[in-house]
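Summary of the model geometry
Below are the chains, spelled out letter by letter.
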Amino acid sequence: MAEVTLDSLRKEFDRGTIVAVDDVDLEIEDGEFVTVVGPSGCGKTTTLRMVAGLEEPTAGTIHFDDEDVTDVHAKNRSVAMVFQNYALYPHKTVRENMAFGLKMSTEMTKDERHERVREMAEMMGIEELLDDKPDELSGGQKQRVALGRAIAREPEVFLFDEPLSNLDAKLRTEMRAEIQKLQKEFGVTAMYVTHDQEEAMTMGDRLAILDEGQLQQVGKPTEVYENPVNRFVAGFIGSPAMNFVDVDVDTTGDTTTLVNEAAGFELPLSDQYLRGHDLRDSAYTLGIRPENVSVIEEPKGNEIVTTTVEVVEPIGSDNYVHLALTDDFLARSRPDIKPEPDDVVGIDFDERDLHLFDPETGEDV
Ligand code: ADP
Ligand code: MG
């Protein structure tokens, strides 16, 4: 197994006019599962392809443990890659598909290969499918075959490029758990790419958030969720997304207050908050997650702001209350708090749950 280290890894296309991966530094520990997440086009696949040896970096290096593999050919790197579209050979049976990877990458005898394929098929619960062709399989079965084929090679590094995107929601949840179980069982280092923040939150030991080729933040899912370093990460991680409100710092009275005059928004900050944050007398973007917003059905006038209910969506356990405060300000409230559209309600939240971002740089302050 191997630790994977990316050092100032860079990939430009079209003579430098496209910077797909912009000097990424990332260390994945031996046996760790790191999920790389970001919107479409942010450079996830290109990063993964460089680790696999399928794409040559413009600059920077890739190490597996102490070995510099930057210039090592793909077939000589101990990696296995699983793709969204499975990449199975349509004219070969499942058995042949699984054995083929072994033939290419190991020096096993035919009998050894077939024994390994049988073992893997048993582990993945696909023994009965060994003589089938890929087009006779369901999406989930194809993905299991692709996984089994990848694991059979006993790679040091497992690379996944959105492997679950083609599956329906239920199967996706099932396969999420299965992939993590396999990864831990084999103790293999894994890099998993997805644009789906929910998948990223549930799957990785750590998340690496990428935007426009640049790494924004790396950390445990809860760390990133609780302490996003900038507005991009704050808005991208978490579902439904964080609410943002433009505010100014008002220091004219006895207290320092966050205000948005047009909205009638007024949040006095405690001394304790002010000691922990170096606020200037200027504009900020306030962020608050829907689950941290309380809806007061009968406002008393001492709430942070009052606003109008637009839509209420029951989701079973809770209600999503859409409010007119901003474009789509959302509160997640208990099922018994269920105002009607056009009701005027109050909004409150704890200052400990709020985030403030510099509106210019987007950075958390
Ligand atoms: P993601 O996987 O996050 O969606 P990609 O790594 O596929 O993103 O692409 C990152 C950027 O690089 C995009 O702007 C994409 O258009 C560009 N790109 C990727 N591959 C090539 C290529 N072979 N030639 C030119 N541009 C490319
Ligand atoms: Mg991609």
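Once a new chain begins, its residue numbering starts again from 1 and follows that chain's sequence as written. Key to labels: chains lettered from A, ligands numbered from 1, both in the order written. Local features in this predicted model are restricted to residues of pLDDT 70 or higher, and side-chain atom pairs are both shown and tallied only at a pLDDT of 80 or more, whereas totals for entire chains, interfaces and linings draw on every residue.

The protein is annotated in an unreviewed UniProt entry as ABC-type D-xylose/L-arabinose transporter of Halorubrum tibetense. UniProt positions are given in the numbering used here, feature names are shortened, and annotations may be inferred rather than shown by experiment. Regarding the protein, the UniProt comment filed under Subunit (unreviewed entry) reads as follows: "The complex is composed of two ATP-binding proteins (XacJ and XacK), two transmembrane proteins (XacH and XacI) and a solute-binding protein (XacG)." UniProt's Function (unreviewed entry) comment on the protein is quoted here verbatim: "Part of the ABC transporter complex XacGHIJK involved in the uptake of xylose and arabinose. Responsible for energy coupling to the transport system."

Some thoughts on the nonpolar core
Ranked by internal contacts, the top residues of the largest apolar core, which has 87 residues, are Leu159, Met191, Ile209 and Ile347. A helix here means a DSSP run of H or I that spans at least four residues, while a strand means a run of E at least two residues long, and both kinds are numbered starting from the N terminus. Element by element, the count of residues in this core is highest for helix α4 (residues 139-152), at six residues. What fixes the domain bounds is an automatic or database domain assignment. Residues lining this core come from more than one domain, with at least three contributed by each of domain 1 (4-236) and domain 2 (243-357). Here, residue contact means that the backbone-derived C-beta atoms of the two residues sit within 7 Å. Contacts of Ile209, omitting those with residues within four sequence positions, involve Val37, Gly38, Gln216, Gln217, Val224, Val233, Phe236 and Ile237. Defined on buried residues, the nonpolar core groups Ala, Val, Leu, Ile, Met, Phe, Trp, Tyr and Cys residues joined through C-beta atoms within 7 Å. Here the C-beta atoms are placed from the backbone, and a residue counts as buried if at least 20 other C-beta atoms lie within 10 Å of its own, exposed if 12 or fewer do, and partly exposed otherwise.

Quick word on the sheet that holds strand β5 (residues 67-68)
When DSSP finds two or more bridges between a pair of strands, those strands are recorded as paired. Pairing in this open sheet of four strands is antiparallel, and the strands run β2-β1-β4-β5 from one edge to the other. Both edges of this open sheet fall to β2 (18-28) and β5, since each of them pairs with a single strand only. Of the pairings in the sheet, the one linking strand β1 (residues 4-13) to β2 comprises seven bridges and is antiparallel in character. Within β2, the position partnered with Lys11 by the bridge is Val21.

Regarding the domain arrangement of the protein
By a widespread convention, an interface's size corresponds to the accessible area lost as its parts come together. Here the domain parsing of the protein yields domain 1 (4-236) and domain 2 (243-357). Of note, the centres of domain 1 and domain 2, computed from C-alpha atoms alone, are 40 Å apart. In this complex, domain 1 contributes four residues to the contact, which on the side of domain 2 involves four residues. All residues other than Ala, Val, Leu, Ile, Met, Phe, Trp, Tyr, Cys, Pro, Asp, Glu, Lys and Arg, Gly among them, are scored as polar; the first ten of these are nonpolar and the last four charged. When its residues are assigned to classes, the side of domain 1 that touches domain 2 shows two nonpolar, one polar and one charged.

Side note on the sheet that holds strand β8 (residues 189-194)
The sheet built from six strands is open, its strands ordered β6-β7-β8-β3-β9-β10 with mixed pairing. Whereas interior strands pair on both sides, the edge strands pair on one side only; in this sheet they are β6 (79-83) and β10 (214-219). Strand-to-strand twist across the sheet, computed as the mean angle between neighbouring axes with direction ignored, equals 15°. Examined bridge by bridge, strand β9 (residues 206-211) and β10 share five bridges and lie antiparallel to one another. If you follow Leu207 over to β10, its bridge partner there is Gly219. To get an axis, fit a line to the C-alpha atoms, keeping to the stretch in contact for a helix; angles then go from 0 to 180 degrees between the N-to-C directions.

Brief notes about the packing of α4 against helix α5 (residues 169-186)
Two elements in contact, α4 and α5, have axes whose closest approach is 12 Å; the angle formed by their N-to-C orientations is 10°. Classed by the angle they form, the pair α4 and α5 counts as roughly parallel. Here α4 contributes Gly140, Gln143, Leu147 and Ile151 to the contact with α5, which in turn contributes Leu171, Met175, Leu182 and Phe186. Any angle between 65 and 115 degrees counts as roughly perpendicular, while under 35 counts as roughly parallel, over 145 as roughly antiparallel, and the rest as oblique.

Digging into the site of ligand 1
Taken together, Phe13, Asp14, Ile18, Ala20, Gly38, Ser40, Gly41, Cys42, Gly43, Lys44, Thr45 and Thr46 make up the full set of residues near ligand 1. Listing elements by their share of the shell around ligand 1, those giving two or more residues are β2 and α1 (44-52). Per element, the largest residue contribution to the shell around ligand 1 is three residues, and it comes from α1. Across the shell around ligand 1, the residue classes break down as four nonpolar, six polar and two charged. By definition, a residue lies near a molecule or strand provided its backbone-derived C-beta atom is within 6 Å of it.

Details of helix α3 (residues 110-124)
For α3, spanning 15 residues, the distance from its first C-alpha to its last is 21 Å, which sits close to the expected 21 Å at 1.5 Å a residue. Gly125, located one to two residues past α3, shows a positive phi value of around 70°. Here the expected span of a helix is defined as 1.5 Å times the quantity of residues minus one.

Description of the environment of Leu54
With respect to the helices and strands, Leu54 occurs in the loop between α1 and β4 (59-64). Residue Leu54 is classed as partly exposed on the basis of its 15 C-beta neighbours within 10 Å. Each C-alpha atom, one on Leu54 and one on Val36, is 18 Å from the other, the two residues being 18 residues apart in sequence. Not counting residues within four places of it along the chain, the set of residues in contact with Leu54 comprises Arg49 and Ala74.

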